Every structure is written in structure tokens, then in C-alpha cells.
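Understanding the architecture of this molecule
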Amino acid sequence: MMISWILFGLVIGAIARYIYPGRQGLGILKTMLLGIAGSFVGGFLGWLIVGGSILQSSGWLGSILGAIIVLAFASRQSRITAS
């Protein structure tokens, strides 16, 4: 089960990095963590919209959307601290 989370996170993180504009400078481990965090964010957003369990599955699209949100937030934070 843990290996499937790792692979799913890596694929979702890579797709989110491909969609999000600009250079992110993330390695494989951070890309994987981005995908896993995006899946949790996508599930949370799904819970806000339709209800259910707060740790529900968000599917591919929800996970990608969540990863893009996490990536946008992280890149905005890094720009704020860099200036």
C-alpha cells in the first residue's frame, strides 16, 4: 500500500509540475511529497464541496488540482521570503 502511495504521489506531482507554469526546482522526493499532499488537499476540497469523510479519496483530477494548489502556495511563499 505504501508503494502505491509513493508511485501515485510521484505521478500526480509530476503532472502538477508539468501543468504549473515556471521552474519549480523540485527533486524526485519533493515531487512525490507534492503529489501526496495534493491528494490530501483534493480530498479536503471534495469534503468541503460534497461532504463525506474529511480524509476521503479525491481521485486523479482532485489530486492534480490539490497538487497545483499546493505548488502555487509554495511558490508564492518562496517568492515572498526571497524578496
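All of the points below concern the structure found in this document. In this numbering scheme, every chain counts its residues from 1 along its sequence in written order. Thresholds applied to this predicted model are a pLDDT of at least 70 for local features of residues and 80 or more for the giving and counting of side-chain atom pairs; totals over whole chains, interfaces and linings are not thresholded and use all residues. The side-chain values count all of the structure's non-hydrogen atoms but skip hydrogen atoms and water molecules.

**Some thoughts on the overall build of the chain**
Numbering goes from the N terminus for both helices and strands, where a helix is a DSSP run of H or I of at least four residues and a strand is a run of E of at least two. The helix and strand inventory of the chain stands at three helices and zero strands. Of the regular secondary structure in the chain, the N- to C-terminal order runs α-α-α. The globule rule used here is 2.2 Å times the number of residues to the 0.38 power, and the radius of gyration it is set against is calculated over C-alpha atoms. Against the compact-globule benchmark of 12 Å for 83 residues, the chain has a radius of gyration of 13 Å, which places it among compact chains. Projected onto its principal axes, the C-alpha coordinates of the chain cover approximately 40 × 30 × 20 Å. Three labels apply to residues, based on accessible area from a 1.4 Å probe with only protein chains included: buried if under 20% of the type maximum, exposed if over 50%, partly exposed otherwise in between. Residues counted as buried form 28% of the 83 residues belonging to the chain. In the chain, the share of contacts with a sequence separation of at least 24, taken over all contacts with a separation of at least 6, comes to 58%. For the chain, the computed accessible surface area is about 5,700 Å², with 74% contributed by carbon and sulfur atoms. Should any heavy atoms of two residues lie within 4.5 Å, those residues are counted as being in contact. Computed with the Shrake-Rupley method and a 1.4 Å probe, the accessible areas treat only the protein chains shown as cover for residues.

**Brief notes about a nonpolar patch on the surface**
A surface patch of nonpolar side chains, about 710 Å² in accessible area, is lined by Met-1, Met-2, Trp-5, Ile-6, Phe-40 and Leu-55. Here the element with the most residues in the nonpolar patch is helix α1 (residues 2–19); it accounts for three residues. The residue Trp-5 is located in helix α1 in this model. Distance thresholds for patches are 9 Å for like charges and 5 Å for nonpolar side chains (Val, Leu, Ile, Met, Phe, Trp, Tyr), applied to residues having over 30% relative accessible area and no salt bridge. The term salt bridge refers to a pairing of a side-chain nitrogen on Lys or Arg with a carboxyl oxygen on Asp or Glu at a separation within 4 Å.

**Description of the nonpolar core**
Within the largest apolar cluster, seven residues are counted, these being Ile-12, Ala-16, Tyr-20, Leu-34, Ile-64, Ala-67 and Leu-71. Of all elements in the fold, only α1 and α3 (59–82) reach the threshold of two or more residues within this core. At three residues, α3 tops the list of elements feeding residues into this core. By nonpolar core we mean a set of buried residues, namely Ala, Val, Leu, Ile, Met, Phe, Trp, Tyr and Cys, connected to one another through side-chain atoms within 4.5 Å.

**Some thoughts on the environment of Leu-29**
Relative to the helices and strands, Leu-29 resides in helix α2 (residues 28–50). Separated by 19 residues in sequence, Leu-29 and Leu-10 place their C-alpha atoms 8.1 Å apart.

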